[in-house]
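Coordinate inspection notes
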Amino acid sequence: MTTRMATDAAVLEVDLGAIGMNYTYLRGRHPGPVAGVVKANAYGLGAIRVAPYLHAQGCRHFFTAHLSEALAIRPELPDGMVAVLNTMLPGSEGAYLEAGIEPVLSSLDEIARWRAQAVRLGQRLPALLHVDTGLNRLGLDAADLAALQADHSLLDGIDLRYIMTHLVAAEVPDDPANAAQHAAFAAACAGLPKAPRSFANSSGIFLGADFASDLARPGAALYGINPMPGQPNPLHQVVRLRAQVLSVREISAGAGVGYNGTWIAARPSRIATVAVGYADGWHRSLSGRGHAVFDDAPVPLVGRISMDLTTYDATDHPAVVPGSWLELIGAGRTADAIAADAGTNGYEVLTSLGARYARRYIG
Ligand SMILES: *Cc1c(COP(=O)(O)O)cnc(C)c1O
C-alpha cells in the first residue's frame, strides 16, 4: 500500500506494472509488433510516465494525436518511432524534422509538403501513410488514393514506414464494417508501393488473424479498458481513484441532498461527502447512479454531482467516518462500469480524469 498524505483529498493511482502486463498480453495476442497509443496524455494517465515505461517493456512505436503531445514525450524516449495521428498541419514540417517525429500523412497536400522537405534536405524522410477505409474523418480519400496509386512518384523521397488504416467498429466482431475495411485496406495497399502495414487498434487485435499486421496500435486495452465488451476482460485494471471523506452528516427522513434536492432521504441517513466533482472529470451524468466501494461493499452515490463534491449514502456503513477512503474507480468499480452508468465509454471516463488529483505511480 502506498503512503497517502492526509492533505490529499483525492488520490489517483496509476499501476504502471499493470500497463506493462497488459502490453505483454497484447504482444502475445498479436503476431506482429505492438505500438503504444499514448494520445490524450496516455488516455488521461500521464504520457510522460507511461511512454518511457512502455519503452522499458520493449515498445518502440508510439502514437499521439497532436504534435504537441509528441514533442512532450520525444525527449523521454531514447529511440523508437513517435508518430502523430492527426495529420501534419501546414507550417509544422520543421518541427517534425527538428524533433525527429514522424507525420502520419493523410492527403496529397501533406505528401507534397513532406516531399518538398525531402528535396530541400536531399534525403529520404520517414512518414506513415493513412488510408481511409470507412471512418470518413482522416486518411487519404478515394480520389487522393487513386491519384497515388496511379503515380507512385508522388511518394518519391518519402520512406514509407507504414501504411495504416483505422477500424470503424472493431469492438463489434460481427459488424460487416470489419470485413469491408479488411478488403478495402488490402485493395488500397495492393496499388501502393510495398510497405509494412498497421491495422488493428485494441479491439482489432481480438478480431482474429485477418486483422494482424506489421504493427498493431492499441491504446485503451493497455489502460485496462475491455476490448471485447460483453465478454470477460482479459486485461489488468490500471487505475484506482480514492477520495477521503470530508464530512459525514446525519439527516432526517425527508431531507434532500445536493443541488435541487434530487435525492430525498427515505429514512434517517448518514451522508458522506468527498472532494471529487465534475470539474475533476467525474461526469455529472453519474448523479444518483452507481456507488463507491468501502471495505469491498458498495456505498450508493446519491444526489447531484457538483463541481467539486459528490455525496454518498453511508447509512449502512457505520465505519465510514471523516477521513475514511472511498474507492471511486478500481477493481471493484471499473472505468467501463462507470461509463455504463454515465452513458459513455471507458475511454471518456479515463481521458476525463482531472488535474486536481494527487497522482501516484506504482509498479
Ligand atoms: C486512438 C487510436 C488508436 C487506439 O485505439 P484504441 O481503441 O484505444 O486501441 C489507434 N489508431 C488510431 C488511428 C487512433 O485514433
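Located above this text is the structure these notes cover.
Residues numbered from 1 in each chain as written. Predicted model: local features only at pLDDT ≥ 70, side-chain atom pairs only at ≥ 80, totals over all residues. Heavy atoms only, no water.

1. Overview of the overall build of the protein chain
The secondary structure content of the protein chain amounts to 10 helices and 17 strands. With respect to the three principal axes, the spread of C-alpha positions in the protein chain is 80 × 40 × 35 Å. Counting all 363 residues of the protein chain, 52% fall into the buried class. When contacts within the protein chain are restricted to residue pairs at least 6 apart in sequence, those whose partners lie at least 24 apart make up 65%. Averaged over its 28 positive side-chain charges, the protein chain has a centre that lies 4 Å from the centre of its 33 negative ones. (Helix = DSSP H or I, 4+ residues; strand = E, 2+ residues; numbered from the N terminus. Buried < 20%, exposed > 50% of the residue type's maximum accessible area, 1.4 Å probe, protein only. Contact = heavy atoms within 4.5 Å. Lys, Arg positive; Asp, Glu negative; His and termini not counted. Charge placed at Lys NZ, Arg CZ, Asp CG, Glu CD.)

2. Quick notes on the site of the ligand
Contacts to the ligand come from 13 residues, most closely from Lys39, Tyr43, Ser202, Gly219 and Tyr347. In this structure, an oxygen atom belonging to the ligand sits 2.7 Å away from a side-chain N or O atom of lysine 39. A distance of 2.8 Å is found between an oxygen atom of the ligand and a backbone nitrogen or oxygen belonging to glycine 219. For the ligand, whose free accessible area comes to 390 Å², the fraction covered by protein is 93%. (Near = heavy atom within 4 Å. Polar contact = N/O pair within 3.5 Å; in protein donor to acceptor, adjacent residues only side chain to side chain. Areas by Shrake-Rupley, 256 points an atom, 1.4 Å probe, with all protein chains shown as cover.)

3. Comments concerning the environment of cysteine 189
Position of cysteine 189 relative to the elements: it lies in helix α8 (residues 176–190). Residue cysteine 189 is classed as buried on the basis of its relative accessible area of 5%.

4. Description of the environment of asparagine 178
Relative to the assigned elements, asparagine 178 resides in helix α8. Note: C-alpha distance between asparagine 178 and valine 168 (10 residues apart in sequence) is 7.3 Å. Discounting residues that sit within four places of it in the chain, asparagine 178 has contacts with Leu167, Ala169, Ala170, Val172, Pro173, Leu207 and Phe211. A polar contact is formed between the side chain of asparagine 178 and the backbone oxygen of proline 173, at a distance of 3.4 Å.

5. Regarding the layout of surface pockets
Volume-wise, the largest pocket comes out at about 700 Å³. Forming the walls of the largest pocket are 37 residues, and the residues nearest its centre are Lys39, Tyr43, His166, Asn201 and Tyr347. Of all elements in the fold, only α2 (39–43), α9 (335–342) and α10 (346–351) reach the threshold of two or more residues within the lining of the largest pocket. When grouped by side-chain class, the residues that make up the lining of the largest pocket number 20 nonpolar, 12 polar and five charged. Every residue lining the second largest pocket is counted, 18 residues in all, and those nearest its centre are Arg240, Glu327, Gly330, Ala331 and Gly332. At the level of secondary structure, the elements contributing two or more residues to the lining of the second largest pocket comprise β1 (10–15), β9 (239–251), β13 (291–294) and β16 (325–329). (1 Å grid on protein atoms, 1.4 Å probe; cavity = no way out; pocket = protein on both sides within 12 Å on 5 of 7 lines; lining within 4 Å. Points joined across faces, edges and corners; volume = space filled by probe spheres on them. Nonpolar A, V, L, I, M, F, W, Y, C, P; charged D, E, K, R; others polar.)

6. Some remarks on unusual backbone geometry
The backbone phi angle of tyrosine 43 is positive, close to 55°, even though this residue is not glycine. With phi around 65°, asparagine 260 is a residue other than glycine that occupies positive phi space. On the secondary structure map, asparagine 260 appears in the loop between β10 (256–257) and β11 (263–264).

7. Remarks on the pattern of salt bridges
One side chain can pair with another of opposite charge once the charged atoms of both are near each other. In total, this model carries 14 salt bridges according to the counting rule given. Across the pair arginine 161 and glutamate 102 runs a salt bridge whose closest N-O atoms are separated by 2.8 Å. Taken together, the positions of arginine 161 in strand β7 (residues 158–164) and glutamate 102 in strand β5 (residues 102–105) put the pair 59 residues apart, joining distant regions of the chain. A residue is classified by how much of its surface remains accessible, and arginine 161, at 26% relative accessible area, is partly exposed. Here arginine 333 ties to aspartate 341 by a salt bridge, and the two come within 2.8 Å at their closest N and O atoms. The exposure class assigned to arginine 333 is buried, which follows from its relative accessible area of 6%. It is possible to trace a salt-bridge network through shared partners that takes in Glu13, Arg240, Arg242 and Glu327. (Salt bridge = Lys/Arg side-chain N within 4 Å of Asp/Glu carboxyl O.)

8. Let's talk about the nonpolar core
With 105 residues, the main nonpolar core has Val38, Phe63, Tyr223 and Trp282 as its most contacted residues. Ile251, Val257, Ala265 and Ile271 belong to the second largest nonpolar core, which has five residues in total. (Core = buried A, V, L, I, M, F, W, Y, C linked by side-chain atoms within 4.5 Å.)

9. A closer look at the pairing of strand β14 (residues 297–302)
Pairing of β13 with β14, which is carried by four bridges, proceeds in the antiparallel orientation. Pairing of alanine 292 across the sheet is with valine 299, part of β14. A loop of two residues connects β13 with β14, the two strands running antiparallel in sequence, and aspartate 295 in this loop sits at a positive phi of about 50°. As paired strands, β14 and strand β15 (residues 310–313) are joined by two bridges and run antiparallel to one another. (Pairing = 2+ DSSP bridges.)

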